[in-house]
Amino acid sequence: MKKIFLIMLMILGLICGTAYGKDSSLEEVKEKGYFIVGLDATFAPMGFRDENGELVGFDIDLAKEVAKRMGVEVKFKPCEWDGIIFDLRSKKIDMVWNGMSITEQRKKQVAFSETYLIDGQIIFTRKGTEPAKIKDLAGKTVGVQLGSSGALAVEKNSISSQIKEIKKYSTNVEALLDLEAGRTDAVVMDSVSGKYYNSKKDTLNYSEESLSDEHYAVAFRKNDKALIEEINKQLINMKNDGTFKKISEKWLGRK
């Protein structure tokens with residue numbers, strides 16, 4: 001009898017363990033009828049506010065189209081970039097979809113979708129100066145966004161020990177405004193975002209030399225495997241039917 005009782009306890013434990021470990025991330029989204037995307041709302045052209053205060057951009061359009069195909073809605077929650085992974089892990093948002101680069105440090109904290117875009121971290125300087133190369137950063141004051149891939153690229157590069165000062169900002173826009181005002185000598189940031197900013201103002205020069213190549217992906221909580229698989233599937237379908245290309249050409253001018 002004692003042996004039978006122990007076996008029953010083991011079976012019950014296995015059943016409970018299976019139920020406890022079940023990945024219900026996709027099911028929960030469908031039951032709610034929406035998922036929440038966290039983003040830096042100043043990161044044009046990926047996600048930013050237009051002149052009417054509406055959130056627009058490349059990643060905004062991608063997320064809306066994926067939600068539509070899943071039969072749910074998408075809600076956007078602007079976050080401080082330096083704390084956005086904390087917001088994800090504490091379930092204030094369901095994913096980060098905002099040109100987030102895959103890094104080894106981030107992979108320890110979150111899971112990523114498949115790469116959907118590749119970009120580089122490049123150097124921006126004021127118009128009227130020569131486009132800077134990495135070696136030119138020695139002795140200069142360089143601006144970066146706090147917690148960004150640009151900041152990481154600068155810190156990991158061998159030139160970092162020769163830089164006079166690395167100034168960190170809450171947003172890339174703040175960093176670029178300080179550059180334009182002459183308070184820094186250069187800014188290192190995502191190529192696609194910096195070039196989009198410059199297309200509207202024409203105040204910057206930039207080098208094609210990249211400190212690092214970045215693979216953009218959507219970030220999730222590590223256990224949300226079902227939701228990750230669904231997002232990957234929808235992105236693949238969008239690439240296959242040409243929708244991804246149309247959105248890319250709209251915002252980035254490229255396929």
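(A) Structural view of the pairing of strand E9 (residues 141–145). Burial analysis of E9 places 5 of its 5 residues in the buried class, which makes it a mostly covered element. Examined bridge by bridge, E9 and strand E10 (residues 165–169) share 5 bridges and lie parallel to one another. Considered in E10, the bridge of Thr141 is made with Glu165. In terms of handedness, the path from E9 via helix H6 (residues 149–156) over to E10 forms a crossover that is right-handed. Taken together, the 2 bridges between E9 and strand E11 (residues 186–190) define a ladder with parallel strand orientation. Bridged to Val142 within E11 is Ala186.

(B) Examining the sheet that holds strand E3 (residues 47–49) more closely. Taken in spatial order, the 3 strands make up an open sheet running E2-E3-E4, and their pairing is antiparallel. Of all strands in the sheet, those with a lone pairing partner are strand E2 (42–43) and strand E4 (55–56), marking the two edges. In the sheet, E3 pairs with E4 via 2 bridges, with the strands oriented antiparallel. Paired with Arg49 across the bridge in E4 is Leu55.

(C) Examining the confidence of the model for the protein chain more closely. For the protein chain, per-residue confidence averages 91 on the pLDDT scale, and 91% of positions sit at 70 or higher. Note that residues 1–20 has pLDDT below 50 and, in this model, 0 contacts with residues that lie over four places away or in other chains.

(D) Main features of helix H7 (residues 172–180). Among the residues of H7, Asn172, Ala175, Leu176, Asp178 and Leu179 are the ones counted as buried. Looking straight down H7, one finds its buried side chains confined to an arc of 160°; they lie on one side. With its phi angle positive at about 85°, Gly182 sits one or two positions after the end of H7.

(E) Local environment of the pairing of strand E6 (residues 95–101). Counting buried positions over the 7 residues of E6 gives 7, a clear majority of the element. Bridging between strand E1 (residues 34–39) and E6 involves 2 bridges; their strand directions are parallel. Each bridged residue has a counterpart across the sheet, and for Gly38 the counterpart in E6 is Val96. Relative to strand E12 (residues 204–220), E6 is paired through 3 bridges, and the arrangement is antiparallel. Looking across to E12, one finds that Met100 is bridged to Ala217.

(F) Representation of the pattern of salt bridges. Applying the stated criterion across every chain yields a total of 16 salt bridges. Arg69 is the partner of Asp241 in a salt bridge, and the nearest nitrogen-oxygen pair spans 2.9 Å. Note that Asp241 is positioned in the loop between helix H9 (225–240) and helix H10 (243–252) and Arg69 in helix H3 (residues 58–70), a separation of 172 residues in sequence. On the basis of relative accessible area, Arg69 is assigned to the partly exposed category, the value being 29%.

Thresholds applied
Residues numbered from 1 in each chain as written. Predicted model: local features only at pLDDT ≥ 70, side-chain atom pairs only at ≥ 80, totals over all residues. Heavy atoms only, no water. Buried < 20%, exposed > 50% of the residue type's maximum accessible area, 1.4 Å probe, protein only. Helix = DSSP H or I, 4+ residues; strand = E, 2+ residues; numbered from the N terminus. Pairing = 2+ DSSP bridges. Right-handed = clockwise from strand over helix to strand, strands pointing away. pLDDT = per-residue confidence, 0-100. Contact = heavy atoms within 4.5 Å. Arc of directions from axis to C-beta. Salt bridge = Lys/Arg side-chain N within 4 Å of Asp/Glu carboxyl O.

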